[in-house]
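# A look at the structure
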Amino acid sequence: MLGTDFRAGSPVWIDLGSPDTDAAAAFYGAVFGWQYLSLGPEAGGYGFFQQDGRTVAALGPLTEEGAASAWTTYFRSDDIETTAGAVTAGGGGVRVPPISVGEGRLAQFTDPQGARFAVLESAMGLERTSGDNTLVWVELHVPDPEAAIRFYQGLFGWRSQEMHAPGMTYRVLSIAEGDQQEGSFGGVAPLQGEQETARWVPYFAVADADAVVTAVQGNGGAVLMPAADVPDVGRIAWLADPGQAMFAVLKPKPRQN
């Protein structure tokens, strides 16, 4: 599970690009109890989602013509220029080349299978993770999981381990350094159905997945996969907000001692 000791290759930040930031702030406030802190007009409409004054995600308007509303996962890089070079060498695309933001730098990319992601070279990161209503896991959905793992290993040196899930082989991802299980942060799964597109999906930990599903439905969102139990993992659901940005929730199964 995620912490806030962000090492190279770790998910360090997530933000939502939305066509209606006021509506998005209201939706996630109703579903997760988040408060939205705008950084003002000088930040281009960008701001932070917070929980008890601690930043758990961010929100901003869509900036690319024709872009669809989506969550973007940012991974920590110690050398963003090297990472950008590895993206192109591995067959990915550069959507936003490295730029300065505050005391750090960011860049946005597309992997060879079409999943969008970003990289942050900065000491900045989310201030709370893995608790109720905060980021706990990130999951890559792609047509070819093995090819995806090779690509991201070229960027971050990630390790992977296969585990069998209902109807599929799931790959658990870990950062390059330290204990592999302790450094796990996400996974790779094959696309589920012909309508799904390649993407990174954020999972938020929740105390009651079914209650969140009800809240999503009651506030204009959609249920893409109803809440279901996954052995040894917990109860999960795939959801979409009113802008059609996909996310998931997980009520983790208590760790067995």
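Cut-offs and rules
- Position numbers for residues start from 1 in each chain and track the written sequence from start to end.
- In view of the model being predicted, local features appear only for residues whose pLDDT reaches at least 70, and side-chain atom pairs are presented and counted only at 80 or more, with totals across whole chains, interfaces and linings using the full set of residues.
- The side-chain quantities take in all heavy atoms of the structure and omit both hydrogens and water.
- Joining through side-chain atoms within 4.5 Å is the link that ties buried Ala, Val, Leu, Ile, Met, Phe, Trp, Tyr and Cys residues into a set, and such a set is a nonpolar core.
- Exposure is judged per residue with a 1.4 Å probe applied to protein chains only, and the accessible area is read against the type maximum: over 50% gives exposed, under 20% gives buried, and values in between give partly exposed.
- Contact definition: two residues touch when any of their heavy atoms are within 4.5 Å.
- Each helix corresponds to a stretch of at least 4 residues labelled H or I by DSSP, and each strand to a stretch of at least 2 residues labelled E; elements are numbered beginning at the N terminus.
- Pairing between two strands requires that DSSP report at least two bridges joining them.
- Axis angles are defined between N-to-C directions and span 0 to 180 degrees, where every axis is a line fitted to C-alpha atoms and, for a helix, only to the segment in contact.

With 63 residues, the main nonpolar core has F32, W71, F117, W200 and F247 as its most contacted residues. Excluding residues that lie within four positions of it along the chain, F32 makes contacts with N133, F204, V206, V212, F247 and V249. Judged by nonpolar contacts, the second largest core, of 13 residues, contains V172, A189, M246 and L250.

Let us look at the side chain of T55. With respect to the helices and strands, the residue T55 is situated in strand β4 (residues 54–61). The class of T55 is buried, set by a relative accessible area of 5%. Those residues in contact with T55, other than ones at most four positions away along the chain, are W13, F48, F49, Q50, L126, E127 and R128.

This part is about the sheet that holds strand β6 (residues 93–101). Read across the open sheet, the 8 strands follow the order β2-β3-β4-β1-β5-β8-β7-β6; overall the sheet is mixed. In the strand order of this sheet, the two ends are held by β2 (35–38) and β6, each with one partner. This sheet shows a mean twist of 25° between the axes of neighbouring strands, independent of strand direction. Bridge count for β6 against strand β7 (residues 104–110) is 6 bridges, and the pairing is antiparallel. Looking at the pairing, I99 lines up with L106 of β7. In this fold helix α1 (residues 21–32) packs onto β1 (11–18), β2, β3 (47–51), β4 and β5 (70–76), with an angle of close to 150° to the strand it touches most, β4. Sheet strands in contact with helix α3 (residues 145–156) are β5 and β8 (116–121), and its direction is about 10° off that of β8.

Everything listed is a geometric property; what it means functionally is a separate question.
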